[in-house]
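So the chains spell out like this:
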Amino acid sequence: MDLAYTAAEEEFRARLRDWLAGTLPTLPPPPPAGDWPARRAHDSAWQRRLYDAGYGNVHLDASPTLRLIFLEETEKAGAPYVGANFVGLLHAGPTIAAEGTPEQRERWLGPILRGEEIWCQGFSEPDAGSDLASLRTKAVRDGDAYVVTGQKIWTSHAEVADWCELLVRTDPGAPRHRGITWLAMRMDAPGVTVRPLRTLAGSTEFAEVFLDEVRVPAADRVGEENDGWRVTMVTLSFERGTAFAGEVVACRRTLTEVATRARANGCWDDPVLRRRLGRLHAEFTALWRLVQWNVSEAAATGGVPGTGGSVFKLRYSQARQELYDATAEVLGPGALDLSLPWTRERLSSLSYTIAAGTSQIQRNILAERVLGLPKGR
Amino acid sequence: MDFRLSDDQRALRRGVRELLAGRFGREALRAAVDREGGLDRKLWRELGDAGFFALRLPEDEGGAGLGLPEAVLVFEEVGRVLLPGPLVATHLAAGSVPGAADGTAVVTAASELPSLVQHFEDADTVVVFASDGVPHRVDVPEAEAVPSLDPLTPLHRLPRPPLTPGPPPGAAVLLTAAEQLGSAARSTEEAVRHAKSRVQFGRPVGGFQAVGHLCAEMLVRTETARAAVYAAAVGGDLTEIAGAKLLADEAAVRGARDCLQVFGGMGFTWESDVHLHLKRALLRARRWLTTARAEEIQAQALASAF
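Residues numbered from 1 in each chain as written. Chains lettered and ligands numbered in written order. Predicted model: local features only at pLDDT ≥ 70, side-chain atom pairs only at ≥ 80, totals over all residues. Heavy atoms only, no water.

Quick note on the threshold: UniProt positions are given in the numbering used here, feature names are shortened, and annotations may be inferred rather than shown by experiment.
In the nomenclature of an unreviewed UniProt entry, chain B is known as Acyl-CoA dehydrogenase of Streptomyces pristinaespiralis. Its UniProt record gives chain B the following Sequence similarities (unreviewed entry) comment, quoted word for word: "Belongs to the acyl-CoA dehydrogenase family." Per UniProt, chain B carries the Cofactor (unreviewed entry) text "FAD".

For chain A, an unreviewed UniProt entry supplies the name Acyl-CoA dehydrogenase and the organism Streptomyces pristinaespiralis. Among the UniProt annotations of chain A, the heading Sequence similarities (unreviewed entry) holds the following wording: "Belongs to the acyl-CoA dehydrogenase family." Database annotation for chain A, UniProt heading Cofactor (unreviewed entry): "FAD".

Set out below in structure tokens:
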């Protein structure tokens, strides 16, 4: 049980801190939430700054511990969020790095790291959510290309993306998990239609993507044909591992701000609310320790986080919702004012127990894969 | 940073688990229940010989020179098997109360539960951890027996507080949390074992999501508490220790209740061990630091952050 960082890790942290302190004041203010082209430009410019400073590949190449330090320090300093580069840096990039050919890595990783190309994720379908393996978007081989027809949903940043990491069914006759293939699809290919999807929080980062006989070169397939499920699992376990580390730091800061507000407006004198905020403090402290635990496991097992990610995701998604519910108590009537960030975040937090595997699916994973219980019904 | 257990720590845990399996298996546990928590002094001395109480004393004082992380692993094992006795108080008294370190004395603390003292009749010495954090011997000529919720922890009520207790020592709170963690882990394992073997409607009940999800939540609470307890042991920070107690109390109490639910009617019987975990967890949740107090400590930490 060693929570001390090595001298090299502390040096990395100090250097990053200095660079952030010098760089962040020079950044332009973030664009309005709904202006996607402006946000794309903003997020890409930030990624380019990181790249030029030598931090571009931290999500792909650095050790899990350095990645954790990077996420902690950038969040603490108030640096821009990974934003539109999320899928490229945290999903598609790691998948291509692990499973792609040398040519594919050469073609795609550089533009991802430099913030030049934005990726989106085409996994879920209207009839394939929690049951992802039931996806039906079909791809038929035609010479040196696949012809893809179907529909995807919950595709973040699709409006401004250049590429889509796409799961398609290439063998309808095979057992469900064995007929799936991972393709990289250009979003400007003929036959791709994007329709923005407004969420209950009012935001439009999601979209539906309709695919009508889209031709995808066979050379843009990552992994073998019909091996896409295994390729995908690499990406998903990553998503449930350390991807939320920065958010835990942000939640801890929000909690401090909530307490400050509560002291200023008198809510703090209510012992029920005060104790509720106290419990959240213990909760987010423990969640940070859980992140460190998962990072240590990931570092020891070669970078792929294990099922500890499901424990973390279940607890974190719940705690995040409790945090923003508590902000409503402190805001009072402000809890109804959508111009307040905490009110908007409270609505956004509702997606956390659904996105990236619902809490029910996470419990199935723990029950079956960790506890060894029979497959549930 | 490598938060995982070191090889030495794994070996220590394995050794303690083997020792306790050999000396305090299920028969010994039920015998202790029949004795209403009366202590086995021979076992107490064997624990002393094994370095249980002197674990954190320096080697030149006859200790093992180990730290809080190792002590946490040992007390987690104690919690798993429901070993009775004022283990935390005696461990903390090692080095200052004669006989505590080698297990020849049983030391109980009057400041562990407000106005109540545990294992009073078996104890050779009653101490109070005063504001200086040091155990002070107090003279308690008599105390009134109270029927105890926990069949393994006899309780006596003190006629008056013998000495004003100080804030609970961090190590006492943390090691109690470690016992809760062990109990939570054990409850999870027992619930899973039962859910795999108990057949209803033609299938193991663990195959029903309603049951499987109960078990998964037990695991989540246990593993979150584990991260909190281990990190608090490494850092020794009092606020983090209080937070770890908060989460470990929750993991143990709710874990035992969920385990009871998975066991169904059999869990409600005296002969099942489920209630022993639940009752001890309820008692430990009141020891040193209640939920209310731990939450206030967390709130104070938030308030002092501005």
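Focus on the packing of aromatic side chains
Condition: Working definition: rings of Phe, Tyr and Trp (its six-membered ring) pair if their centres are within 6.5 Å, and the pair is stacked with planes under 30 degrees apart, edge-to-face with planes over 60 apart, and tilted otherwise. Think of it this way: any DSSP run of H or I at least four residues long counts as a helix, any run of E at least two long counts as a strand, and we number them from the N terminus. For every residue, the accessible area (1.4 Å probe, protein chains only) is compared with the maximum for its type, and the residue is labelled buried under 20%, exposed over 50%, or partly exposed between those bounds. By the criterion adopted, a ring carries a charge over it if an Arg CZ or a Lys NZ lies within 6 Å of its centre and within 35 degrees of its normal.
Counted under the stated rule, the structure contains 20 aromatic pairs over all chains. Ring geometry for Trp293(A) versus Tyr230(B): centroids 5.9 Å apart, planes at 50 degrees, classification tilted. Within this pair, whereas Trp293(A) is found in helix H8 (residues 271-300), its partner Tyr230(B) is found in helix H7 (residues 209-235), the two belonging to separate chains. As far as burial versus exposure is concerned, Trp293(A) and Tyr230(B) are alike and both buried. Their ring planes at 70 degrees and their centres at 5.8 Å tell us that Phe129(B) and Trp288(B) sit as a pair that is edge-to-face. Of this pair, Phe129(B) sits in strand S3 (residues 125-129) while Trp288(B) is found in the loop between helix H9 (274-285) and helix H10 (291-303), placing the two residues 159 residues apart along the sequence. Trp288(B) matches Phe129(B) in its accessibility class, with the two residues each being buried. Put simply, the rings of Phe12(A), Trp19(A), Trp46(A), Tyr55(A) and Phe70(A) touch in pairs and so form one group of aromatic residues. Between the NZ or CZ atom of Arg114(A) and the centre of the ring of Tyr51(A), over which it lies, the distance is 5.9 Å.

Comments concerning the interface of chain B and chain A
You'll often see interface size given as the accessible area lost when the parts meet. The condition that has to hold: Two residues form a contact once any of their heavy atoms are found within 4.5 Å. The salt bridge definition used is simple: a Lys or Arg side-chain nitrogen within 4 Å of an Asp or Glu carboxyl oxygen. Within 3.5 Å is the distance limit for a polar contact, defined as a pair of N or O atoms, with the added protein rule that one can donate a hydrogen and the other accept it, and that residues adjacent in sequence qualify only through two side-chain atoms. Lys, Arg, Asp and Glu make up the charged group, whereas Ala, Val, Leu, Ile, Met, Phe, Trp, Tyr, Cys and Pro make up the nonpolar group; the residues left over, Gly among them, are polar.
Contact residues are listed per partner, giving 51 residues for chain B and 50 residues for chain A. Linking chain B with chain A are 7 salt bridges. A salt bridge links Arg275(A) to Glu295(B), with the nearest nitrogen and oxygen atoms 2.6 Å apart. For the interface between chain B and chain A, the tally reads 15 residue pairs in polar contact (both at pLDDT 80 or more). Of all the secondary structure elements, the ones that give two or more residues to the side of chain B that touches chain A are helix H4 (68-81), helix H6 (170-197), strand S8 (203-204), H7, helix H8 (238-263) and H10 of chain B. Here the side of chain B that touches chain A gets 16 residues from one element, more than from any other, and that element is H7(B). For the side of chain B that touches chain A, the per-class residue count stands at 27 nonpolar, 13 polar and 11 charged.

Side note on the UniProt feature "domain: Acyl-CoA dehydrogenase/oxidase N-terminal" (unreviewed entry) in chain B
Here, UniProt's "domain: Acyl-CoA dehydrogenase/oxidase N-terminal" (unreviewed entry) annotation points to residues 6-96 of chain B. In residues 6-96 of chain B, the share of helix is 62% and the share of strand is 0%. The end C-alpha atoms are 30 Å apart.

Observations regarding the UniProt feature "domain: Acyl-CoA dehydrogenase/oxidase N-terminal" (unreviewed entry) in chain A
Sequence positions flagged by UniProt for "domain: Acyl-CoA dehydrogenase/oxidase N-terminal" (unreviewed entry) are, in local numbering, residues 50-116 of chain A. Annotation note: span residues 50-116 of chain A, helix share 63%, strand share 0%, distance between end C-alpha atoms 13 Å.

Section: the pattern of salt bridges
The full count for this structure, using the stated rule, is 53 salt bridges over all chains. Across the pair Glu125(A) and Lys152(A) runs a salt bridge, and its minimum N-O distance is 2.9 Å. Taken together, the residues Glu125(A) in the loop between strand S1 (119-122) and strand S2 (138-142) and Lys152(A) in strand S3 (residues 145-152) connect sequence positions 27 residues apart. For the residue pair Glu125(A) and Lys152(A), the accessibility class agrees, reading buried in each case. Among the salt bridges present, the one from Arg176(A) reaches Asp131(A), with a minimum N-O distance of 2.9 Å. Here the residue Arg176(A) occupies a position in the loop between strand S4 (163-169) and strand S5 (180-186), and Asp131(A) occupies one in the loop between S1 and S2, the gap between them amounting to 45 residues. Overlapping salt bridges bring together Arg275(A), Arg279(A), Glu283(A), Arg315(A), Glu250(B), Arg254(B) and Glu295(B) as one network.

Regarding helix H3 (residues 64-76) of chain A
Residue and element names in this part refer to chain A. The cut-off we apply is this: In this scheme, a helix's expected span is set at 1.5 Å multiplied by one less than its residue total.
Here H3 spans 18 Å end to end across 13 residues, near enough to the 18 Å set by a 1.5 Å rise per residue. With 11 of 13 residues buried, H3 lies mostly within the body of the structure. Downstream of H3 by a residue or two, glycine 78 has a phi angle that is positive, lying close to 80 degrees.

Some points on the sheet that holds strand S6 (residues 155-157) of chain B
Residues and elements named next belong to chain B. Heads up, the rule is: Pairing between two strands requires that DSSP report at least two bridges joining them. Angular values range over 0 to 180 degrees, each being the angle between N-to-C directions of two axes fitted as lines to C-alpha atoms, with helices fitted over their stretch in contact.
With antiparallel pairing, 3 strands are arranged side by side in an open sheet as S2-S6-S5. The outermost strands of the open sheet, each flanked by one partner alone, are strand S2 (116-118) and strand S5 (144-146). Going across the sheet, the axis of each strand differs from the next one's by a mean of 40 degrees, ignoring polarity. Pairing of S5 with S6, which is carried by 3 bridges, proceeds in the antiparallel orientation. Residue pairing in the sheet places valine 146 in a bridge with leucine 155 of S6.

Section: the domain arrangement of chain A
Residues and elements named next belong to chain A. Threshold: Where each domain begins and ends follows an automated or database-derived domain assignment.
Per the domain assignment, the segments of chain A are domain 1 (7-114), domain 2 (119-225) and domain 3 (230-371). Inter-centroid distance (C-alpha atoms) of domain 1 to domain 2 is 25 Å. Across the boundary between the two partners, domain 1 contributes 17 residues, which contact 19 residues of domain 2. At the junction of domain 1 and domain 2, the tally comes to 1 salt bridge. The salt bridge partner of arginine 40 is aspartate 162, with a shortest N-O separation of 3.0 Å. The tally of links from domain 1 across to domain 2 stands at 6 residue pairs in polar contact (both at pLDDT 80 or more). Mapped by element, the contributors of at least two residues to the side of domain 1 that touches domain 2 are helix H2 (36-52), helix H4 (86-99) and helix H5 (102-113). The element that contributes the greatest number of residues to the side of domain 1 that touches domain 2 is H4, accounting for 7 residues. Taken together, the residues of the side of domain 1 that touches domain 2 break down into 8 nonpolar, 6 polar and 3 charged.

A closer look at the side chain of Gln292(A)
One can find Gln292(A) in helix H8. Residue Gln292(A) is classed as buried on the basis of its relative accessible area, which comes to 3%. Looking at Gln292(A), its side chain comes within polar contact range of the side chain of Arg289(A), at 2.8 Å. When sequence neighbours within four positions are dropped, the list of residues in contact with Gln292(A) reads Leu3(A), Tyr5(A), Leu68(A), Met1(B) and Phe3(B).

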